[in-house]
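# Fold and contact review
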Amino acid sequence: MITVDTISRDIANRIIRENHYSKSICFAPSVNLGIFWKGMLCGVAQFGSGINPKGSTKWVEGSTHHQFLEFNRMWLSDVAPHNSESKAIGLIFKWFRKNRPDIKWLLSFADGANGKVGTIYQATNWIYTGYDRQGGVWVTSDGTRITQRSMIMKHKSTKRDLLESIYGTPLYRVRGGQFRYIYFLDKKWRKRLTVEPQQYPKLDDLDKYLIIYKTHKVKEDLYDELISLIKQ
């Protein structure tokens, strides 16, 4: 049986750092929910204000930044049975309606540069509202993904010549594909959506949403290979 309940931020952050594909946490998540299978903690879901809370209110008419949260991180162990992720999200919706009725809607992004199109959001009936060409990663020839922030922290630079001397070629800079999803906890707020819902993006079409920068040394036939690496 899947259940959800609050856990400490410290425990949630540690689990996310150790297990989430990004290996990073978001700044100051305000809601930290543990996902339990038969009473055993096997997953985490974190929600916070996001990078631009006031700017994000433009997607929902009349909303303030106090009336929504951004779904920052989620991880669930394979020990949980099939479809547990969808069940957990359904329970998370119920938790918010019971414990945080002040939160009227949720916002989340799927990172196309990391091969994500929001499959779990599609399975749990979020509204897809478009994508931003922001964020992104560097991708090495063996498929290793390195964020822009990590590059700066590690090498104090993101100059291509320097990075290619370290990581070799081909070395790609991938941007775009920040797929934006909204879920209305209060169904009466659905009519406040300021943009038209769009058809869900599919993984097979991921390359249409990305901008890929590469060195002049890279052959064009390696483009498809990169797309395959991102989708892995």
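Here's a quick rundown of the structure. (Residues numbered from 1 in each chain as written. Predicted model: local features only at pLDDT ≥ 70, side-chain atom pairs only at ≥ 80, totals over all residues. Heavy atoms only, no water.)

Strand pairing in a sheet is mediated by backbone hydrogen bonds. Such pairs are either parallel or antiparallel. Sheet architecture is open: seven strands sit in the order E1-E2-E3-E4-E5-E10-E6, paired in mixed fashion. The two strands at the open ends of the sheet, each matched to only one other strand, are strand E1 (2–6) and strand E6 (127–132). Across the sheet, the mean angle from the axis of one strand to that of its neighbour is 30°, orientation sign disregarded. Judged from the three bridges that link them, strand E4 (residues 68–76) and strand E5 (residues 105–111) form a sheet pairing that is parallel. Across the sheet, residue Leu 69 finds its bridge partner in E5, namely Leu 106. Where helix H1 (residues 9–19) meets the sheet, it contacts strand E2 (31–37), strand E3 (40–48) and E4, and its direction lies at approximately 100° from that of E3. Sheet strands touched by helix H3 (residues 84–99): E1, E2, E3, E4, E5 and strand E10 (178–184). Its angle to E1, the strand with the most contacts, is close to 45°. (Pairing = 2+ DSSP bridges. Helix = DSSP H or I, 4+ residues; strand = E, 2+ residues; numbered from the N terminus. Axes fitted to C-alpha atoms, helices over the stretch in contact; angles between N-to-C directions. Contact = heavy atoms within 4.5 Å.)

Turning our attention to the nonpolar core. By size, the foremost hydrophobic cluster in this structure holds 41 residues, and its most contacted members are Phe 47, Phe 71, Phe 96, Leu 106, Trp 126, Val 174 and Phe 179. Among the elements that line this core, the one with the most residues is H3, at six residues. Core analysis: the next-biggest nonpolar cluster, separate from the first, contains ten residues, Phe 68, Trp 105, Leu 107 and Leu 193 among them. (Core = buried A, V, L, I, M, F, W, Y, C linked by side-chain atoms within 4.5 Å. Buried < 20%, exposed > 50% of the residue type's maximum accessible area, 1.4 Å probe, protein only.)

Turning our attention to unusual backbone geometry. For the bond running from Thr 169 to Pro 170, omega is 0°, close enough to zero to count as cis. Locating Pro 170 in the fold gives a position in the loop between helix H6 (160–167) and strand E9 (172–176). The residue Ala 28 is not glycine, and still its phi comes out positive at about 45°. Its place among the elements puts Ala 28 in the loop between H1 and E2. Within the chain, Asn 125 stands out as a residue other than glycine whose phi angle is a positive 65°. Checked against the element boundaries, Asn 125 lands in the loop between helix H4 (119–123) and E6.

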